[in-house]
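Coordinate inspection notes
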Number of protein chains: 6
Amino acid sequence: MPKIKKASGSLTIMTEMVMPNDTNTLGYLMGGNLMRMMDIVGAISAQKHSNRIVVTASVDNVSFVESIPLGNVVSLEAKVTRAFNSSMEVVVNVFSENIPAGEKSNTNKAYLTFVAVDKSRRPVEVPELIPETDEEKEYYAGALRRRQLRLVLAGRMQPSEASELKALFGI
Amino acid sequence: MPKIKKASGSLTIMTEMVMPNDTNTLGYLMGGNLMRMMDIVGAISAQKHSNRIVVTASVDNVSFVESIPLGNVVSLEAKVTRAFNSSMEVVVNVFSENIPAGEKSNTNKAYLTFVAVDKSRRPVEVPELIPETDEEKEYYAGALRRRQLRLVLAGRMQPSEASELKALFGI
Amino acid sequence: MPKIKKASGSLTIMTEMVMPNDTNTLGYLMGGNLMRMMDIVGAISAQKHSNRIVVTASVDNVSFVESIPLGNVVSLEAKVTRAFNSSMEVVVNVFSENIPAGEKSNTNKAYLTFVAVDKSRRPVEVPELIPETDEEKEYYAGALRRRQLRLVLAGRMQPSEASELKALFGI
Amino acid sequence: MPKIKKASGSLTIMTEMVMPNDTNTLGYLMGGNLMRMMDIVGAISAQKHSNRIVVTASVDNVSFVESIPLGNVVSLEAKVTRAFNSSMEVVVNVFSENIPAGEKSNTNKAYLTFVAVDKSRRPVEVPELIPETDEEKEYYAGALRRRQLRLVLAGRMQPSEASELKALFGI
Amino acid sequence: MPKIKKASGSLTIMTEMVMPNDTNTLGYLMGGNLMRMMDIVGAISAQKHSNRIVVTASVDNVSFVESIPLGNVVSLEAKVTRAFNSSMEVVVNVFSENIPAGEKSNTNKAYLTFVAVDKSRRPVEVPELIPETDEEKEYYAGALRRRQLRLVLAGRMQPSEASELKALFGI
Amino acid sequence: MPKIKKASGSLTIMTEMVMPNDTNTLGYLMGGNLMRMMDIVGAISAQKHSNRIVVTASVDNVSFVESIPLGNVVSLEAKVTRAFNSSMEVVVNVFSENIPAGEKSNTNKAYLTFVAVDKSRRPVEVPELIPETDEEKEYYAGALRRRQLRLVLAGRMQPSEASELKALFGI
């Protein structure tokens, strides 16, 4: 297996129609169902980068600003942003499309982390990731800051050691 | 409707068995399916506090440290921690139980935010929340800090204005 | 494993939202879907008492007097009422709640029987059950009568031997 | 609409394969899933007799003596046994078939009651039912006894008035 | 196992209600869901003829002329039309019924081919099929022509060798 | 709306993991479940070309040569090949990928036809399609022949008039 892989190799696209059972009483896609889709498309993307079985390690803060109504088409685009030993951060962009009305918008963006494992669920190393486009480079750079935030939130890093985060707060 | 309600009134318990279709190829509950359950139990809890239809506004960072195998019983306990005008933060604690083995553990904790809306999906005010137990008071106090983090992450608050967060970083 | 356990230890609460696919063409929860939920919550309760895998042995007469509309919250509370060698009777109370309207009612009560089994599906003994509250004692006492009715209906007991039942008919 | 209809006109057959998600951890069809199928096939049968929308009124005691493993074919045969004003009793026989092994057995028999309703869910009259075969006549005769038992169990008839039931107990 | 079996022995009937999640935004059963039902009922029918596990080999052209609305009852009748070594052609007729309106029509007819396999998925021989009724004989005769069309479409037979098909085009 | 649109504008990609409930007893994706996915991705593709609600009109012969095991990733790529008044032919290519093993293959190809409709389900005109690449041109050219075959099979065209088909048989 190659030791270094391009970000583009992990691109995964999932397209779904919003079905009645996915919606709340107002007829809009429930947040939890969207998160379920994000998890699946993200896992496939991380599988593509690592050629391994992967398990979800974390999902960063997701916000739901725009609602997605019944009958809309939801497309999710996932790509690995950066690899760290056995874990990978994946960004998932969600687009909602009312095709008859010709409307499409980028409703959500989420970062999920997956760990590559063997059949006994022991973590295994994954290839490094090489970003190529400007957008990929930006995701790659930000991955370090988001990782520190995750570690601080999980109580596994002291805020005082989170150098990237401190920069964020202008310290 | 009362203007002030107790935290305990929003307690909601959901118990589920992990079914084959909820699991990945290793036989463990997929993260996305757990998030779907969190969203439903959290929404019911926020409904109980507000007596309103609610929509998911955000889900904070969730980490998946411990895997939940097929056949285990999953129970989720949700309670509103604090109310802000039309939004409510809900904490969801997830327990995984292998009953024949007599094992139970608190596998995940998540904070979700819901907004109370009317039938046209316009935000409506919700009652204030009064914490009573020590645990409820701790959740209530922390809700402010988590809210600032959410606003900063969503680009709706400058890090420099996030007084509660800055304290976290010892500034 | 203890030889005697309290009824309260088997309490299991399941909360669900009525989803579109659970409803009939009039928009009400179908009876069969409610029975499916009863079976799951009852099985978990029986698992808690016995610390064993359990299989459904029977479901007593269930009546559906009140319909539960789409969007309502359904909560099911299950508790073991009495143990007999390897079988346990569980009572499941169903509550339907229209939270925005502030309405809640106890729509159904059902008695299910589960048998504790080992991995080869052979019945295994379960702990005795000790009722504590008045309500638990009432359920405990009635369990014998319901058991006779089950045996008579299954053709495994002569009506003339069903002493508890005969009392019911004032004989 | 005719005022009298034959039992045979309501025959409804449903055939299903047991899928992974229908089974418990031992790989057998869960009782609740079978009851869900019974409810659907029974409702279709009652619709055929009444040419009306129907709602489930009750399900009589169901026992699960024989387990149905993953991959088996389940077939359910439903027929109306007797009509009472706006309600109909339906008998559902369940057959489990391991086709490669050439094994088939009648694993369960259940009686469900449905009420015919109009679009406002008000009960409406249904045609009388005429049994023709010996088996249909036996179901027709027993329906009265089962109905009294249902009413007694629901607390809507005094045991002392349940003449058919008393006969059962040899009084 | 018998070397020759009657067509009638493979008759399989599946009855389903159209549920909300099966429908498109106009409230009609989606074609793909109907094909999923056809595949299951057809597979059970082929299992009955062969007493073997079967896998789908092909589905012939299916057209959807008439739409089936939410709440209708769909019944599918499958029967093996002819056996060829290890494969069987099954015809599936679909009926849509609006029972309250007293309307029923034969909305679709499809031909599916299944192959009988052992546990290692190697093809195994199946009994010959004997048609008895006129309808069965017509299906039996046409099976040869449909098989040639399948082989030509799959690029496994030269059009010039498809004698049955050429007759169709009056050559 | 433009009167002419490019084929590339209708490209739709759907990626799914094969879940336990999608598989048969041997652990392979059931044909009917794959057809359900084809129908959804095809419908979205036809929506993109027509900016209309669409309904499935027909599915051409689909063959299942290669089985797709549990845990594999299935990706479906759909593109409109040609438009005819209110109907569109869509080609769906299915790829099965065992990512840990680094294996990927094009397991199925299917042609589906969709009709664009208004809210009363009356057919409406769709834009013409312009093929650009060599592959798109080949699909475009073949669409006429496949359409004649569909009409002949549906009994709506005499074989003798199917000029394109006759060429196929070397007449």
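Residues numbered from 1 in each chain as written. Chains lettered and ligands numbered in written order. Predicted model: local features only at pLDDT ≥ 70, side-chain atom pairs only at ≥ 80, totals over all residues. Heavy atoms only, no water.

1. Considering the interface of chain B and chain A
Here is the rule: When checking whether two residues touch, look at their non-hydrogen atoms; a contact exists if any pair is within 4.5 Å. Put simply, buried area is how much 1.4 Å-probe accessible surface two parts lose in total, over both of them, once they are put together. Salt bridges are defined by distance alone: a side-chain nitrogen of Lys or Arg within 4 Å of a carboxyl oxygen of Asp or Glu. What qualifies as a polar contact is a pair of N or O atoms within 3.5 Å, subject to a donor-acceptor requirement within protein and to the restriction that residues adjacent in sequence count only when both atoms come from side chains. Put simply, DSSP marks the helices as runs of H or I at least four residues long and the strands as runs of E at least two long, and each gets a number from the N terminus on. As a working rule, the residues Ala, Val, Leu, Ile, Met, Phe, Trp, Tyr, Cys and Pro are called nonpolar, Asp, Glu, Lys and Arg charged, and the rest polar, with Gly in that last group. Only strands that DSSP links by at least two bridges are regarded as paired with each other.
Facing 37 residues of chain B, the contacting portion of chain A comprises 37 residues. Between chain B and chain A the total buried area reaches about 3300 Å² when both faces are included, carbon and sulfur atoms providing 66% of it. Seen at the junction of chain B and chain A, the total is zero salt bridges. Our count for the chain B to chain A interface comes out at 16 residue pairs in polar contact (both at pLDDT 80 or more). Those elements giving two or more residues to the side of chain B that touches chain A turn out to be helix H1 (31–50), strand S3 (53–59), strand S4 (62–63), helix H2 (134–153) and helix H3 (163–168) of chain B. Among the elements that take part in the side of chain B that touches chain A, H1 of chain B stands out by supplying seven residues, more than any other. Taken together, the residues of the side of chain B that touches chain A break down into 19 nonpolar, ten polar and eight charged. As paired elements, strand S3 (residues 53–59) of chain A and S4 of chain B share two bridges and run antiparallel to each other. The residue bridging Ser58 of chain A from the neighbouring strand is Ser63 of chain B, located in S4 of chain B.

2. Notes on the sheet that holds strand S7 (residues 103–117) of chain B
In plain terms, the rule: Each axis is a line fitted through C-alpha atoms, and for a helix only the stretch in contact is used; angles between axes span 0 to 180 degrees, taken between their N-to-C directions.
Sheet architecture is open: six strands sit in the order S4(A)-S3(B)-S7(B)-S6(B)-S5(B)-S2(B), paired in antiparallel fashion. Every other strand in the sheet has two partners, leaving strand S4 (62–63) of chain A together with strand S2 (12–17) of chain B as the edge strands with one partner each. Looking at chain direction, S3 of chain B and S7 of chain B are connected through six bridges and run antiparallel. Paired with Ser58 of chain B across the bridge in S7 of chain B is Thr113 of chain B. Against the sheet, H2 of chain B makes contact with S3, strand S5 (73–84), strand S6 (87–98) and S7 of chain B, and its axis sits at roughly 75 degrees relative to S5 of chain B, the strand it touches most.

3. A closer look at the interface of chain E and chain D
At the interface, 21 residues of chain E touch 21 residues of chain D. Together chain E and chain D conceal approximately 1800 Å² of surface at their shared face, both sides included; 65% is due to carbon and sulfur atoms. Among the residues chain E hides against chain D, the three largest losses belong to Thr15, Met17 and Ile99 of chain E. Together they make up 29% of the total. At the surface where chain E touches chain D, the tally comes to zero salt bridges. Here chain E is connected to chain D by four residue pairs in polar contact (both at pLDDT 80 or more). Residue assignment for the side of chain E that touches chain D shows that the elements contributing at least two residues are strand S2 (12–17) and helix H1 (31–50) of chain E.

4. Quick word on the relation of the copies chain E and chain D
The condition that has to hold: What sets the superposition is a least-squares fit of C-alpha atoms, and only residues with pLDDT of at least 70 in both copies go into it.
At an RMSD of 0.0 Å, chain E and chain D line up after a rotation of 180 degrees and a shift of 0.0 Å along the axis. The superposition operator between the copies reduces to a two-fold rotation axis. Judged by C-alpha distance, Met14 of chain E is the residue of chain E that lies nearest the rotation axis, at 2.3 Å.

5. What to know about the pattern of salt bridges
Opposite charge on two side chains allows them to pair when their charged atoms are near. Put simply, the rule reads: Throughout this description, buried means an accessible area under 20% of the type-specific maximum (1.4 Å probe, protein chains only), exposed means over 50%, and partly exposed covers the range between.
For the structure on display, the rule yields 40 salt bridges over all chains. Note that Arg122 of chain E is salt-bridged to Asp118 of chain E, the shortest N-O span being 3.4 Å. Assessed through its relative accessible area of 51%, Arg122 of chain E is described here as exposed. A salt bridge links Arg150 of chain F to Glu89 of chain F, with the shortest nitrogen-to-oxygen separation between them at 2.5 Å. In this pair, Arg150 of chain F sits in helix H2 (residues 134–153) while Glu89 of chain F sits in strand S6 (residues 87–98), placing the two residues 61 residues apart along the sequence. Note on Arg150 of chain F: relative accessible area 10%, which makes it buried. By relative accessible area, Glu89 of chain F is classed as buried at 0%.

6. Considering the sheet that holds S3 of chain A
Across a sheet, paired strands are connected by hydrogen bonds in the backbone, their directions being either parallel or antiparallel. On the basis of which strands lie adjacent, the open sheet formed by six strands has the order S2(A)-S5(A)-S6(A)-S7(A)-S3(A)-S4(B) and antiparallel pairing. Each having just a single partner strand, strand S2 (12–17) of chain A together with S4 of chain B make up the two edges of the open sheet. Its contacts with the sheet put helix H1 (residues 31–50) of chain A on S2, S3, strand S5 (73–84), strand S6 (87–98) and strand S7 (103–117) of chain A, and the angle it makes with S5 of chain A is roughly 45 degrees.

7. Structural notes on the pairing of strand S6 (residues 87–98) of chain E
Residues and elements named next belong to chain E. Of all the twelve residues making up S6, eleven are buried; the element is thus mostly covered by neighbouring parts of the structure. Of the pairings in the sheet, the one linking strand S5 (residues 73–84) to S6 comprises eleven bridges and is antiparallel in character. Residue Lys79 lies in a different strand from S6, and its bridge partner there is Val91. Inspection of the sheet shows S6 paired to strand S7 (residues 103–117) by twelve bridges, in the antiparallel sense. The residue of S7 that forms the bridge with Val91 is Tyr111. Counted between consecutive antiparallel strands, the loop separating S6 from S7 contains four residues, among which Gly102 sits at a positive phi close to 65 degrees.

8. A look at the relation of the copies chain B and chain A
Once turned by 180 degrees and shifted 0.0 Å along the axis, chain B lies on chain A with an RMSD of 0.0 Å. When the interface residues of chain B are mapped onto chain A, 100% of them again lie at the interface, so the same face is used by both copies.

9. With respect to unusual backbone geometry
Non-glycine residue Arg121 of chain C carries a positive phi angle of around 65 degrees. Of note, Arg121 of chain C is situated in the loop between strand S7 (103–117) and strand S8 (128–130). One non-glycine residue with positive phi stands out, namely Asn85 of chain E, at about 50 degrees. According to the relative accessible area criterion, Asn85 of chain E is exposed, its value standing at 59%.

10. Let's talk about the pairing of S5 of chain B
Most of S5 of chain B sits inside the fold, with eleven of its twelve residues counted as buried. Between the antiparallel neighbours S5 of chain B and S6 of chain B lie two residues, among them Asn85 of chain B with a positive phi of about 50 degrees.

11. Observations regarding helix H1 (residues 31–50) of chain F
In an α-helix, one full turn covers 3.6 residues, which means residues spaced three or four apart are oriented alike. All names here are of chain F. Selection criterion: To estimate how far a helix should extend, the number of its residues minus one is multiplied by 1.5 Å.
For H1, built from 20 residues, the straight-helix expectation of 28 Å at 1.5 Å per residue is met to within 8% by its first-to-last C-alpha distance of 28 Å. Most of H1 sits inside the fold, with 19 of its 20 residues counted as buried. Residue Asn51 follows H1 closely and has a positive phi angle near 50 degrees.

In short, shape yes, function no, at least from these values alone.
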